[in-house]
Amino acid sequence: MSRFMNKRFDTLEAYTPGEQPKDKQYIKLNTNESPYPPSPEVLDCITKDKMGALRLYSDPEGTALKEELATFYDLRKENVFISNGSDDILNFAFMAFAGGEIKASFPDVTYSFYPVFADLHGVTCDVKPLCEDFTIAVDDYKTNEHFVIITNPNAPTGIALSREEIREILLANPDRVVLVDEAYVDFGAESSCSLVKEFPNLLVVMTYSKSRSLAGARLGFALGDEALIADLETLKFSTNPYNVNRLTMEIGRAAIRSHAYFAQCSENIMKTREETVQALQAMGFEVLPSKANFVFIRKDGLDGGYLYETLKDRGILIRHFSKPALAEFNRVTIGTKEEMDAFLKAVRQIIQETEAST
Ligand SMILES: *Cc1c(COP(=O)(O)O)cnc(C)c1O
């Protein structure tokens, strides 16, 4: 930190994104990207004319994209907010809906960016432990005091709450915003977006980064009551009104139109996930019940950090969390069938080697 930096940020610890190493080609199962390319419509949507139009600012209202998203989710465009990735939306939401008396409440095991946003905006956290089986303790979030953030399905566990459980949380918090981060909802969990019309305190946050194969495009959106969306717009227009570029807006529209392709990719990933779970269980792994495009796994007698390191040596990257409660586990993104076969083969070898040496 330079001596010029605002003292307010003395203790700020920035978020650490998953590694994107450049030393060699890895089988990347560490950051929950899609193994499939964006849809053919997306690949074709950036014409020379569209590139030429880059001399003009993008539409700060994002009207065309919002209209297509609204139609897709059976809402109105006033219920839709778009931004430069869903992390950007989470940032605005912490600014808008927490602070002062209002703490941010979320589980101790969840997306590790939330405490960073809280810290950045001087928001106090009310962190609740997960249950012993790694599920979210729904009753802990029924205080009507805090800004509640639920990742559904949760990360890195992959475990989902039902829409009814989300409804219970919403009913118990009529005076507070409940943000449901649905980054992984397209892999088999129930979305809460149909509750938007019913609950003025619900904000559903979604991203193009995972199920729509567009992590590099940086596009996220939120669905919510018109008044909540207007709050987010106020903050966006006070920060960077053009924060979604023209090409990304075109890409976002093309991706919504290619619904069948997207549904097929999600289907494939769910199928590969089930095959991977079975193979891991057969090797003696405990696998938490996942509705996401990753699995969270551990095995008695196999150190989590060791598995991560030995796989990395073999050119396969998974995600290990050093936090003591999670250190036995690894999070493994579901890739293609071929990638998972290579992963399973390597894990089998590692287990055999460790068993032979003891
Ligand atoms: C990946 C992820 C995000 C961030 O998505 P971007 O749109 O790429 O910024 C948000 N929340 C959770 C829980 C995620 O895993």
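Residues numbered from 1 in each chain as written. Predicted model: local features only at pLDDT ≥ 70, side-chain atom pairs only at ≥ 80, totals over all residues. Heavy atoms only, no water.

Attention shifts here to the site of the ligand. In the neighbourhood of the ligand, the contacting residues comprise Gly85, Ser86, Asp87, Tyr111, Thr151, Asp181, Ala183, Tyr184, Thr207, Ser209, Lys210 and Arg218. In the model, a nitrogen atom of the ligand is placed 2.7 Å from a nitrogen or oxygen of the Asp181 side chain. For the ligand, whose free accessible area comes to 390 Å², the fraction covered by protein is 93%. Taken together, the residues of the shell around the ligand break down into 3 nonpolar, 5 polar and 4 charged. (Near = heavy atom within 4 Å. Polar contact = N/O pair within 3.5 Å; in protein donor to acceptor, adjacent residues only side chain to side chain. Areas by Shrake-Rupley, 256 points an atom, 1.4 Å probe, with all protein chains shown as cover. Nonpolar A, V, L, I, M, F, W, Y, C, P; charged D, E, K, R; others polar.)

Let us look at unusual backbone geometry. Residue Asn152 is joined to Pro153 through a cis peptide bond whose omega torsion reads -5°. Examined against the element boundaries, Pro153 turns out to sit in the loop between strand S5 (147-151) and helix H6 (163-172). Of the consecutive residues Ala155 and Pro156, the connecting peptide bond is found in the cis state with omega at 0°. In this fold, Pro156 is placed in the loop between S5 and H6. (Helix = DSSP H or I, 4+ residues; strand = E, 2+ residues; numbered from the N terminus.)

What follows concerns the packing of helix H10 (residues 304-313) against helix H11 (residues 337-356). Direction vectors running N to C along H10 and H11 enclose 120°, while the axes themselves pass 10 Å from each other. Comparing their axes, H11 and H10 come out oblique. Of the two possible hands of crossing, H10 and H11 adopt the one that is right-handed. Contact with H10, carried on its side by Tyr306, Leu307, Thr310 and Leu311, involves Phe343, Ala346, Val347, Ile350 and Thr354 of H11 and no other residues of that element. Along the lines of polarity and charge, the residues of the contact of H10 with H11 split into 7 nonpolar, 2 polar and no charged. (Axes fitted to C-alpha atoms, helices over the stretch in contact; angles between N-to-C directions. Parallel < 35°, antiparallel > 145°, perpendicular 65-115°, else oblique. Left-handed = near helix turned anticlockwise from the far one by under 90°. Contact = heavy atoms within 4.5 Å.)

Turning next to helix H8 (residues 246-257). The end-to-end C-alpha separation of H8 is 17 Å, in line with the 16 Å expected for 12 residues at 1.5 Å each. Within H8, 9 of the 12 residues are buried, which leaves it mostly tucked inside the rest of the structure. Residues Leu247, Thr248, Met249, Glu250, Ile251, Gly252, Ala254, Ala255 and Ile256 constitute the buried set of H8. Where H8 is buried, its residues touch helix H1 (40-44), helix H2 (48-52), helix H3 (63-72), strand S2 (80-83) and helix H9 (259-282). (Expected span 1.5 Å × (residues − 1). Buried < 20%, exposed > 50% of the residue type's maximum accessible area, 1.4 Å probe, protein only.)

It is worth spelling out the nonpolar core at this point. One finds Leu69, Tyr208 and Leu223 to be the most contacted residues of the largest nonpolar core, which totals 48 residues. Only H3, S2, S5, H6, strand S6 (178-181), strand S7 (202-207), strand S8 (220-224) and H8 provide two or more residues apiece to this core. If you tally residues by element for this core, the top one is H8, at 5 residues. Once residues lying within four places of it in the same chain are set aside, the contact partners of Leu69 are Val80, Ile82, Tyr208, Phe221 and Ile256. Of all hydrophobic cores here, the second largest spans 34 residues; its members include Cys265, Ala292, Leu307 and Phe343. (Core = buried A, V, L, I, M, F, W, Y, C linked by side-chain atoms within 4.5 Å.)

With that settled, consider the pairing of strand S12 (residues 330-333). Here S12 shows a buried face lined by Asn330 and Val332 and a second buried face lined by Arg331 and Thr333. Pairing of strand S10 (residues 294-298) with S12, which is carried by 4 bridges, proceeds in the antiparallel orientation. Paired with Phe296 across the two strands is Arg331, which belongs to S12. (Pairing = 2+ DSSP bridges.)

With that settled, the discussion passes to the packing of aromatic side chains. Considering all chains together, one arrives at 19 aromatic pairs under this definition. Plain terms: the ring middles of Phe94 and Phe117 are 5.7 Å apart, the flat faces sit at 35° to each other, and that makes the pair tilted. You can see Phe94 sitting in helix H4 (residues 86-97) and its partner Phe117 sitting in helix H5 (residues 114-120), a full 23 residues away along the chain. This pair shows no difference in class: Phe94 is buried, exactly as Phe117 is. Ring pairs connect the aromatic residues Tyr15, Phe94, Phe97, Phe106, Tyr111, Phe113, Tyr114, Phe117 and Phe147, which therefore count as one cluster. One residue, Arg212, lies across the ring of Tyr208, its end atom 5.9 Å from the ring centre. Stacked on the ring of Phe262, the Lys or Arg Arg212 has its end atom at 3.8 Å from the ring centre. (Phe/Tyr/Trp six-rings, centres within 6.5 Å; stacked < 30°, edge-to-face > 60°. Lys NZ or Arg CZ within 6 Å of the ring centre and 35° of its normal.)

Let us now look at the sheet that holds S6. One open sheet holds the 7 strands; their spatial order is S2-S8-S7-S6-S5-S3-S4, and the pairing between them is mixed. Of all the strands in the sheet, just S2 and strand S4 (125-128) have a single pairing partner and so form its edges. Put simply, the sheet's adjacent strands are angled 20° from each other on average, direction ignored. Strands S2, strand S3 (104-107), S5, S6, S7 and S8 of the sheet are contacted by H4, whose axis makes an angle of about 160° with S7. Each of S2, S7 and S8 is contacted by helix H7 (residues 226-237), which is oriented at about 25° to S2, the strand it contacts most.

Inspection of every chain in the model, using the stated rule, returns 0 disulfides. Here Cys131 is not cross-linked by a disulfide; its sulfur's nearest cysteine counterpart is in Cys125, at 20 Å. With a relative accessible area of 31%, Cys131 lands in the partly exposed category. Take Cys193: it sits in no disulfide, and the sulfur closest to it among the cysteines is that of Cys265, at 20 Å. (Disulfide = S-S within 2.5 Å.)

Here we come to the side chain of Asp126. With respect to the element layout, Asp126 can be found in strand S4. Residue contacts for Asp126: discarding those within four places in its chain leaves Lys103, Ala104, Ser105, Phe106 and His146.

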